[in-house]
Amino acid sequence: MKPDFAKCGGLVPAIVQDIEDGEVLMLAYMNEEAWDKTLETGEAHFYSRSRNTLWHKGGTSGHVQKVHNVRLDCDADTVLLIVEQVGGAACHEGYRSCFYREIVGSGEPEIVSEKVFDPKEVYK
């Protein structure tokens, strides 16, 4: 069984969760090619909507995601990848998780985690 790509215009959301502690690391999108490449290689691949191309997570930074489990939701229109995050950071801004900001009382976001790497050093 594979995701219902036709239902969602060719792309399905993919939630990425850490195998160690269950933290949600990121959300990205997969097309059928990214799905196939992920299953073939055992590393997460996505479709970049901004660049309109296949994207191997960690291909530039080395912070790849080794896929341990792949799950589909009940409607087959959302993917859950349970991964080992190599290098400790999923976010291209250098944080462990893309969800490093928390909205608190005033509605202003606060950074609630520390950077794992400096993006200026990694993405030269």
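Just so you know, the residues in each chain are numbered from 1, in the order the chain's sequence is written. With pLDDT at 70 or above as the cut-off, local features in this predicted model cover only qualifying residues; side-chain atom pairs require 80 or more to be listed or tallied, and sums for whole chains, interfaces and linings still use all residues. For the side-chain quantities, the full set of heavy atoms in the structure was used; hydrogens and water were omitted.

Student: When you look at the sheet that holds strand β2 (residues 24-30) in this model, what are you seeing that I'm missing?
Tutor: Sheets are built from strands that pair by backbone hydrogen bonding, the pairs being arranged parallel or antiparallel. Whether two strands pair depends on DSSP finding at least two bridges between them. Only runs of H or I of at least four residues qualify as helices and only runs of E of at least two qualify as strands under DSSP, and these elements are numbered from the N terminus. Spatially, 4 strands are ordered β2-β1-β6-β5 in an open sheet, and the strand pairing comes out mixed. With one partner strand each, in any of the chains shown, β2 and β5 (65-72) form the two edges of the open sheet. Going from strand to strand, the sheet's axes swing by 25° on average, the running direction of each strand aside. Where helices are involved, their axes are fitted lines through C-alpha atoms of the stretch in contact, as for all axes, and angles between N-to-C directions lie from 0 to 180°.

Student: How do you make sense of the pattern of salt bridges when you look at a structure like this?
Tutor: Two side chains bearing opposite charge may form a pair once their charged atoms approach each other closely. Think of a salt bridge as a Lys or Arg side-chain nitrogen and an Asp or Glu carboxyl oxygen that are within 4 Å of each other. This model, assessed by the stated rule, comprises 8 salt bridges. Note that glutamate 32 is salt-bridged to lysine 2, the shortest N-O span being 2.7 Å. In this pair, glutamate 32 sits in helix α1 (residues 32-41) while lysine 2 sits in the segment before β1 (12-18), placing the two residues 30 residues apart along the sequence. The buried label goes to any residue with under 20% of its type's maximum accessible area, the exposed label to any with over 50%, and the partly exposed label to all in between, with areas taken from a 1.4 Å probe on protein chains only. Classification of lysine 2 by relative accessible area gives partly exposed; the value is 36%. For the salt bridge of aspartate 18 with arginine 96, the shortest nitrogen-to-oxygen distance reads 3.6 Å.

Structural measurements only, silent on function.
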